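Below, each chain spelled out in residue letters.
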Amino acid sequence: MDIKELLEALCNTNSISGDEYRLEEIIMPVFKEFTDDIVVDKLGNIIALKKGYNNKGNIKVMLAAHMDEIGLMVKHIEENGFIRFTSIGGIDPRTILGQEVIVHGKENLFGVIGSKPPHLQEKDEIDRAIKIEDMTIDVGFTKEQLMNLITIGDTISIRRDFKTLQGNRITARALDDKAGVAAMYECIKELSRLQHEPDVYFVSTVQEEVGVRGAFTSAYGINPHIGIAIDVGFGATPELSKTDTLEMGKGPGITIGGNIHPGLRKKLVDVAKDYNIPFQYEIAPGPTGTDGRAIQITREGIPTLCLSIPLRYMHTSVEVVDILDIKNTAKLLAFFITTITNTNLEGLLCY
Amino acid sequence: MLLKKLTEASGVSGNEKEVRNIILDEIQDFVDDIKVDRLGNIIAYKKGKDNPKKLMITAHMDEVGLMITDIDDMGLLKFTTVGGIDKRILVSKPVLIGDNKVLGVIGAKPIHLQKREEWQNALEIEQLYIDIGVNNKTEGEKLVSIGDYVIFNSQYVEFGDKLVKAKALDNRVGCSLLIELIKEIEDIGFYGVFTVMEEVGLVGAGPVAYTVEPDLSIILEGTLCYDIPKLDSHLIPTHLNKGPAISLMDRTTLFDMEFRKRITKIAEENHIPYQYRKSSMGGNDSGKIHTTKEGSVTATISVPCRNIHSPTSVMSKQDYENTYKLLKTILLEYEKGEL
Amino acid sequence: MKFNSQLMEELVTTYGPSGNEDNIRIYIKEQIEGYVDKIEVDSLGNLIARKKGNGKKIMIAAHMDQIGLMITDIDKDGFLRFTNVGGISPYILMSQKVIFENGRVGVVYVEPIEDISKLKLSNMFIDIGVNNKEEAENLVNIGDICIYKPDYSENDNVIHTRYLDDRVGCYVAIEAIKGIKNPKNDLYFVFTVQEEVGLRGAKTSAFKVEPDIGIAIDVTGSGDTPKAKTFAVGLNKGTAIKIKDNSIITHPKLREHMVNIARNNDIPYQMEVLEYGGTDSGAIHLTKEGVPTGAISIPTRYVHSTIETASKKDILDSVKLLIKLLESDIQL
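What counts and what doesn't
- Residues numbered from 1 in each chain as written.
- Chains lettered and ligands numbered in written order.
- Predicted model: local features only at pLDDT ≥ 70, side-chain atom pairs only at ≥ 80, totals over all residues.
- Helix = DSSP H or I, 4+ residues; strand = E, 2+ residues; numbered from the N terminus.
- Rg over C-alpha atoms; globule rule 2.2 N^0.38 Å.
- Buried ≥ 20, exposed ≤ 12 C-beta atoms within 10 Å, placed from the backbone.
- Domains from an automatic or database assignment.
- Pairing = 2+ DSSP bridges.
- Axes fitted to C-alpha atoms, helices over the stretch in contact; angles between N-to-C directions.
- Contact = placed C-beta atoms within 7 Å.
- Expected span 1.5 Å × (residues − 1).
- Nonpolar A, V, L, I, M, F, W, Y, C, P; charged D, E, K, R; others polar.
- Parallel < 35°, antiparallel > 145°, perpendicular 65-115°, else oblique.
- Left-handed = near helix turned anticlockwise from the far one by under 90°.
- pLDDT = per-residue confidence, 0-100.
- Core = buried A, V, L, I, M, F, W, Y, C linked by C-beta atoms within 7 Å.

Before going further, it helps to examine the overall build of chain B. Each helix and strand in chain B was counted, giving eight helices and 17 strands. A compact globule built from 339 residues would reach a C-alpha radius of gyration of about 20 Å, and chain B, at 21 Å, matches this within 12%. When its C-alpha atoms are laid out on the principal axes, chain B stretches across 65 × 45 × 35 Å. Looking at chain B as a whole, 52% of its 339 residues are labelled buried.

Take the domain arrangement of chain B next. For chain B, the assigned domains are domain 1 (2-63 + 167-335) and domain 2 (65-152). Taking the mean C-alpha position of each, domain 1 of chain B and domain 2 of chain B sit 32 Å from one another.

Our next topic: the sheet that holds strand 16 (residues 293-299) of chain C. Residues and elements named next belong to chain C. One open sheet holds the eight strands; their spatial order is 1-2-12-3-13-16-14-15, and the pairing between them is mixed. The two strands at the open ends of the sheet, each matched to only one other strand, are strand 1 (38-41) and strand 15 (269-273). When strand polarity is set aside, the average angle formed by the axes of neighbouring strands in this sheet is 25°. Contacts from helix 6 (residues 200-209) reach strand 2 (47-51), strand 3 (57-63), strand 12 (186-192) and strand 13 (213-220), with the element oriented near 155° to strand 12. Along the sheet, helix 7 (residues 252-264) makes contact with strand 13, strand 14 (239-244), strand 15 and strand 16, crossing strand 14 at roughly 165°.

Below, the discussion takes up helix 9 (residues 312-326) of chain C. All names here are of chain C. Compared with the 21 Å implied by 1.5 Å per residue over 15 residues, the 21 Å span of helix 9 between its first and last C-alpha is a close match. Most of helix 9 is tucked away: eleven of the 15 residues are buried. Among the residues of helix 9, Asp314, Ile315, Asp317, Ser318, Val319, Lys320, Leu321, Leu322, Ile323, Leu325 and Leu326 are the ones counted as buried.

Bringing the interface of chain A and chain B into the picture now. In this complex, chain A contributes 20 residues to the contact, which on the side of chain B involves 27 residues. Those elements giving two or more residues to the side of chain A that touches chain B turn out to be strand 14 (253-257) and strand 15 (280-284) of chain A. Here the side of chain A that touches chain B is composed, by residue class, of ten nonpolar, seven polar and three charged.

With that settled, consider the packing of helix 2 (residues 17-27) of chain B against helix 4 (residues 169-184) of chain B. Residues and elements named next belong to chain B. Contact geometry of helix 2 with helix 4 gives a least axis separation of 10 Å together with a crossing angle of 20°. Put simply, helix 2 runs roughly parallel to helix 4. Remark: the crossing between helix 2 and helix 4 carries right-handed chirality. Listed contacts from helix 4 to Ile23, Glu26 and Ile27 of helix 2 are Cys175, Ile179, Ile182 and Lys183. Of the residues assigned to the contact of helix 2 with helix 4, the class counts are five nonpolar, no polar and two charged.

As a further point, take the packing of helix 4 (residues 175-191) of chain A against helix 8 (residues 323-339) of chain A. Residue and element names in this part refer to chain A. Relative to each other, helix 4 and helix 8 sit at 45°, their axes nearing to 8 Å. By the angle between their axes, helix 4 is oblique relative to helix 8. Once helix 4 is placed against helix 8, the crossing between them reads as right-handed. Contact residues: Ala179, Ala182, Ala183, Glu186, Cys187, Glu190 and Leu191 in helix 4; Ile326, Lys327, Thr329, Ala330, Lys331, Leu333, Ala334 and Ile337 in helix 8. In terms of residue class, the contact of helix 4 with helix 8 is built from ten nonpolar, one polar and four charged.

Before going further, it helps to examine the confidence of the model for chain B. Residues of chain B with pLDDT of at least 70 account for 100%, and the chain-wide mean is 96. Both scores are given for the predicted complex: the pTM is 0.95, the ipTM 0.93.

Looking now at the domain arrangement of chain A. All names here are of chain A. Parsing chain A into structural domains produces domain 1 (3-69 + 173-349) and domain 2 (71-158). Distance between the C-alpha centres of domain 1 and domain 2: 33 Å. Of the residues lining the interface, eleven residues belong to domain 1; the matching set on domain 2 comes to twelve residues. Each residue belonging to the side of domain 1 that touches domain 2 can be placed in one class, and the counts come to two nonpolar, five polar and four charged.

Before going further, it helps to spend a moment on the interface of chain B and chain C. Counting from both sides, the interface comprises 17 residues of chain B and, opposite them, 23 residues of chain C. Counted by class, the side of chain B that touches chain C contains seven nonpolar, six polar and four charged residues.

With that settled, the discussion passes to the pairing of strand 7 (residues 105-110) of chain C. Residue and element names in this part refer to chain C. For strand 6 (residues 97-99) and strand 7, the ladder comprises three bridges, and the chain directions are antiparallel. When the sheet's bridge partners are listed, Lys97 is paired in strand 7 with Val107. Sheet analysis places strand 7 next to strand 8 (residues 124-127), joined by four bridges and oriented antiparallel. Bridge pairing in strand 8 links Val107 to Asp127.

This part takes up helix 5 (residues 205-212) of chain B. Residues and elements named next belong to chain B. Of all eight residues in helix 5, six are buried, a share of seventy percent or more. Looking at the buried residues of helix 5, the elements they touch are strand 2 (42-46), strand 3 (55-60), strand 12 (190-195) and helix 7 (286-289). Once helix 5 finishes, Glu213 follows within two positions and takes phi at roughly 55°, a positive value.

Residues and elements named next belong to chain B. With respect to the helices and strands, Val31 occurs in the loop between helix 2 and strand 1 (33-36). Considering only alpha carbons, one finds Val31 and Gly133, 102 residues apart in sequence, at a separation of 45 Å. Excluding residues that lie within four positions of it along the chain, Val31 makes contacts with Ala44, Tyr45, Lys46, Ile182 and Gly192.

Right, let's talk about the nonpolar core for a bit. Across soluble globular proteins, you tend to see nonpolar side chains buried next to one another. Formed by 285 residues in total, the largest nonpolar core has its most connected members in Leu63(A), Ala183(A), Met184(A), Ile60(C), Val172(C), Ala173(C) and Leu322(C). For this core, the leading source of residues is helix 4 of chain A, giving ten residues. Residues contacting Leu63(A), with those up to four places away along its chain left out, are Met184(A), Cys187(A), Val200(A), Tyr201(A), Phe202(A), Val203(A), Ile228(A), Ile230(A) and Leu333(A).

Okay, the pairing of strand 11 (residues 158-161) of chain C next. All names here are of chain C. Only one face of strand 11 is covered, namely the one carrying Ile159 and Thr161; the face carrying Val158 and His160 has none of its residues buried. By the bridge criterion, two bridges tie strand 10 (residues 153-154) to strand 11 in an arrangement that is antiparallel. Across the sheet, Ser153 pairs through a bridge with His160, a residue of strand 11. Count of turn residues in the strand 10/strand 11 antiparallel hairpin: three residues.

In this section: the environment of Ile222(A). All names here are of chain A. Inspection of the secondary structure puts Ile222 in helix 5 (residues 213-222). Judged by the 24 C-beta atoms lying within 10 Å of it, Ile222 falls in the buried class. Between the C-alpha atom of Ile222 and that of Glu209, which follows or precedes it by 13 residues, the distance is 21 Å. Sequence-distant contacts of Ile222, that is, excluding residues within four places in its chain, are made with Lys60, Met62 and Tyr201.

Right, dumping it as structure tokens:
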């Protein structure tokens, strides 16, 4: 499948934390093109295994990209049919005012997040952000009509379609971290043309946005020798400091810091240089805000790497990513995996 | 001198290599088994008489510090903090960068050029930078790199009435105690563990406890001390010169009452001064250790350190010696099966 | 099924703060002894009681520990200073009576402050009615923990008492233990420790038990008091089936199964979306390779206050739901 097609299918399908099962029918068939070994574990993580060649020591590399997205959830239905909602994951309330939504109940219902007319606002109101507690969603039905259509606990997503901007830039909701899932897919595509010793586990994790939960349990189950989290990093825009951001189109960010195994990271950088893959650095002093933080402290400890795809406007419904960055991330991962062997693993991991 | 060597070494969380090598060097002839695990933790084992309870004594190797995030066009270095550092202690300090320990200074705008109101506000990290004395980015990149770790340039000094000033007393003091125990103790079996990355989230401790599976653990620390006059006694977490501080409770552990009471009884019976750590703020490796797998019992014993997490932390040699005495006595009780 | 007032009162009035659960553990053990096949206590103090059966291994967790205050200092006049064990609001604590394990009662007050909004635990103290430090030291030690002094009342509708959190969960679990005669599943009832300080007992006991399914029983808040923040759960609308809180998004198939059990057995229920807080289920579901976990919540007003209030009917409905759930064939 073409990467744009895959991203469109992923980003246009609601997979708010807890509701990731909806992506099974997209993700499983595409990985099935390259391996038969795909399972869904107890929390809903999708795990595709591509076995290595001549893997005498059974070395395992686990890739993790989270398939869940932030969103909203029905918490109460008012007498007049208006819906009160809460957030799942980190949502800036200012980005949802005046948005169109879909309430995923027994049917998908179209709705709007209402706003007070400017004419009725006090002078000082207009400068203050509105809290989620004070917002409502109008789906145009009465409470009685809603009885059989939706219920408390149903998830709600912002209605936004995947679109192409100029050049290789695309915009959609939830590119955090479906760009990472797409990178894993491109990686398994690349690996099918290369020879690699390690068994590679491609894990589309659940519930990263609410506490890297899927990563804990999948890493425990797989118990890999190396774990690599593929997530997104802050794409540079004028108001952000240079030290906090990655440039768009200049390749994935390779994280340096406590969450990252220094020997493995040096090897990753060498591979990028050897194969002329553009990359940047990202500094993270302690546990990163990715599945990598969970993988590193699982069981007896797992040497971890993190790659970040530059992404602008994180956690809005108009995230922007450069497809070339996704492809370069995938290439870097694939070539890196081919350089890990039963003979050099011990040396790479030792301190 | 051991504590001098340890405190002057570089070992910011995530970059403990230099300290790890010093420790391995010190203890390897005194242990029966030693290995470095996948995260860089040292797990050493001393054989001894059989004991129904497996004992682990730990000390974290890492210190708080800084990390270089950018080299700007003027050759000045931007940085971020690693672990909990009060940003206000950074300005006007000398530092050492990277494996080559390049000297730099954290400068600030002269008073003369500041408005009166500016003096009131703490300087933000974004306003600070390290100057290594080069003219531009290219010259800078020859000497340092993005991702380099930075320590305070602070030497070990003995002063006053048996006091010590050094950086990283938290937790080289714990490492020093553990090294000395490993060297001196014979015929008592225990695991001596030196962990990584405690300061950035108790990262090394969980995995190491998963591997060792202790029944009992004693965590050695350098802990907060703030004993200024005029402060209400209940707001003073520990005092200098009142002996090792026994933890009651912190953000990550509610210490097992029975074990804690046993330790204070041992101190009393052997006339070793001790105090309680009165603050419940902060946390340490015990938090992860006691909740790993099926759970275990822990106690944290600390040497009080004034000005913790700064380049000029201060401890008393007397407290150090009393802490060591207490630990030795505890180990003897453990050997008798009386712990 | 009748409401067992004696059991409820004894549960909420037995001393057992986080880290010092011995007394409540002994009490609960006595209550369940004749009704379970095996009882174990693990290294953190969790009480694990098994009712053997075939079918799925289900862990039911209710926490035994209570919030309280730990003494950190005794001043020269015998006044006690403290830190909190679990979530204690200084405004609720102000002018309350507390009690130590040995029965000594104290009262809590504050140093003179001009501005009541500056009230915090570090400017408050406990007066145990002694004349000096030595007298105080004969009665309490640094490290001792006190709890709110028991005060239980009920009428035909509700109970008002401190420590419904989570002794009401223990009540539900104990009644289920007594009410299930021939378990269809392999049931591990775990009365956990140290939930209030970080779900610690649940983490280690779940690792040990390795269940196929987890169910936590705890209190949840309510949105039915004047000007309350929007929350669909209220008293006398049935037992609450948790959809999410800050520590867990309950397994959707398990949740669906619980709703079906409630419907098929005419048990009134409501759905709970909690925007804060966590429960033992949060620790259980992330154990090892993951455990499908859900929670049954008892709607409670004024949680962590000295006047927690719940409906007796809701409590009984929670017992009914738990029993029917544990007796069902759970296929996920």
